[in-house]
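One-letter residues, chain by chain:
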Amino acid sequence: MPRLECDGREVPLAEGESVLDALLRAGVEVASSCRAGACQSCLVRVTSGAVPARAQAGLKETLRARGFALACQIVPETALAISLEGKSDLEVAARVEAVDRLAADVLCVRLRSETELAYRAGQFVTLLRSDGLARAYSLASRPADGQLLELHVRVVAGGRMSNWLATEATGASVRLRGPAGDCFYTSTDAEQPLVLAGAGTGLAPLWGILRDALAAGHRGAIQLWHGARDVEGLYLRAELAQLSREHPHFSYHPCALAGDEAGELRIGRLDELLLRAVPSYARQRFYLCGDAPLVQGLKRKLFLQGAPLREIFADAFLGASAP
Amino acid sequence: MSSIYEQIGGEAAVEAAVDIFYRKMLLDDRVAEYFESVDMDRQRAKQKAFLTMVLGGPSAYTGKDMRAAHAPLVKRGLNDVHVDVVIEHLGGTLKELGVSDEHIAAIAAVANSVRGDVLGR
């Protein structure tokens, strides 16, 4: 019988048995529901061994790329090691190197991690202060930046973490947990048009995803839509405009709710401008990042306009709620 | 004899069907309220499991899960009319994908057989 290991522990496997059944029989706590490869409840991460195609059928490419598979659909024929720690909750120590203003209410927080964090541009981390205060932020940096990590943090009125970062965090030791999230670039189809849309600090993951796609030599058209309340909130404008000049297949579409239209700047709601400008929806891959109402609303609208749900990668930011 | 699931193209066909079906449900005012504030990816996965089951694909359907999932909706007024809407859109989806009327009738009968589980009867 092939050897099955789960998080370092051997799990006895019976003839023809699925990984899910073996785990359940061994008393390992693992979620499951349809047991038919459809509901995706029993998602596990294969850390070594062969993953049958049917165990990844229907999974998003970003999950497949990370080795995720459905335990109910794996009947191991050779040795297999899996992990139930889907979000790979490793913590790394880091130091706040610098905090700068990107816009009136947006900080650029630069961190240096003690060891290199394995992540994909566009994923998010949980930032932990020494007293345990924790907030999740998207990474704006790319793995190519090594131990230098960049976060874009909106300063929230009364926000404990953001105001600490704005005023006294420089030089402080913090911890990072993660990364998590499946909103990142994968190079399955280099010709596929990409539409990146985000509001406010939703630009952080998109900034990483965009540069990742360009660095990977993505050939399909790439649009980046960034929305803000006013023109001053549109940060990284010069950098994005510069990238659009350097890469003819990349276009930058800043939009604000108030102000005067000038150059590429449009005035109006991001979702309305985007829905009006994108000619059809069946071909593109979408990356949507920012506050939950915008992201969830746009996801639904794009889906109803014909975008396949699996081509919509959405990272909805949820603010911290009171305990 | 192979199942309808295999005849129409298996998993790939269900992948195509589920987006069409889900869109029809979201656009239908008679049922849309039951889809507000649900995670779209999770909802899609559940619908895919349902479509796989009614098409005769690999499934471990349990009426118990169906009852549990719909119990809160029944409290909110889910009734026979809504199940009819589901069966209607299931038929419309399959028709768009070129499934014969004869097959659609057979699939609708399978879908209809879970009515009691959905409505907790």
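Small disclaimer: the values here were computed from a predicted structure and weren't measured. (Residues numbered from 1 in each chain as written. Chains lettered and ligands numbered in written order. Predicted model: local features only at pLDDT ≥ 70, side-chain atom pairs only at ≥ 80, totals over all residues. Heavy atoms only, no water.)

Enquirer: Even after reading the chapter, I still don't get the packing of aromatic side chains, so can you show me in this structure?
Expert: Each pair of aromatic rings is reported with the distance of its centres and the angle of its planes. For the structure shown, the criterion picks out 4 aromatic pairs over all chains. Considering the side-chain rings of Tyr281(A) and Phe286(A), the 6.4 Å spacing of their centres and the 25° angle between planes classify their relative orientation as stacked. Taking the relative accessible area as the measure of exposure, Phe286(A) reaches 0% and is therefore buried. Here Tyr287(A) and Phe313(A) contribute two aromatic rings whose centre-to-centre distance is 5.4 Å and whose plane-to-plane angle is 25°, an arrangement assigned as stacked. Placement of Tyr287(A) in strand 16 (residues 285–291) and of Phe313(A) in strand 17 (residues 312–317) is noted, with a sequence separation of 26 residues between them. In this pair, the class of Tyr287(A) matches that of Phe313(A), namely buried. By way of ring pairs, the aromatic residues Phe303(A), Tyr22(B) and Phe35(B) are connected into one cluster. Arg129(A) extends its terminal NZ or CZ atom over the ring of Trp164(A), reaching a point 5.3 Å from the ring centre. The ring of Phe303(A) carries Arg23(B) above its face, with NZ or CZ at 4.5 Å from the centroid. (Phe/Tyr/Trp six-rings, centres within 6.5 Å; stacked < 30°, edge-to-face > 60°. Buried < 20%, exposed > 50% of the residue type's maximum accessible area, 1.4 Å probe, protein only. Helix = DSSP H or I, 4+ residues; strand = E, 2+ residues; numbered from the N terminus. Lys NZ or Arg CZ within 6 Å of the ring centre and 35° of its normal.)

Enquirer: In this structure, what is going on with the interface of chain B and chain A? I would like to understand it.
Expert: Note on interface size: it is often stated as the accessible area lost on association of the parts. The partner chain A presents 18 residues to the 19 residues of chain B that form the contact. A combined buried area of about 1,600 Å² lies between chain B and chain A, and 58% of that area is made up of carbon and sulfur atoms. Of all residues in chain B, Arg23(B), Met40(B) and Asp41(B) bury the most surface against chain A, accounting for 32% of the area lost on that side. The interface formed by chain B and chain A contains 3 salt bridges. Ionic pairing is found between Glu15(B) and Arg310(A), a salt bridge with its closest N-O pair at 2.3 Å. Applying the counting rule to chain B against chain A returns 6 residue pairs in polar contact (both at pLDDT 80 or more). Only helix 2 (10–26) and helix 3 (40–54) of chain B provide two or more residues apiece to the side of chain B that touches chain A. Taken together, the residues that form the side of chain B that touches chain A break down as 9 nonpolar, 1 polar and 9 charged. (Contact = heavy atoms within 4.5 Å. Buried area = accessible area lost by both parts, 1.4 Å probe. Salt bridge = Lys/Arg side-chain N within 4 Å of Asp/Glu carboxyl O. Polar contact = N/O pair within 3.5 Å; in protein donor to acceptor, adjacent residues only side chain to side chain. Nonpolar A, V, L, I, M, F, W, Y, C, P; charged D, E, K, R; others polar.)

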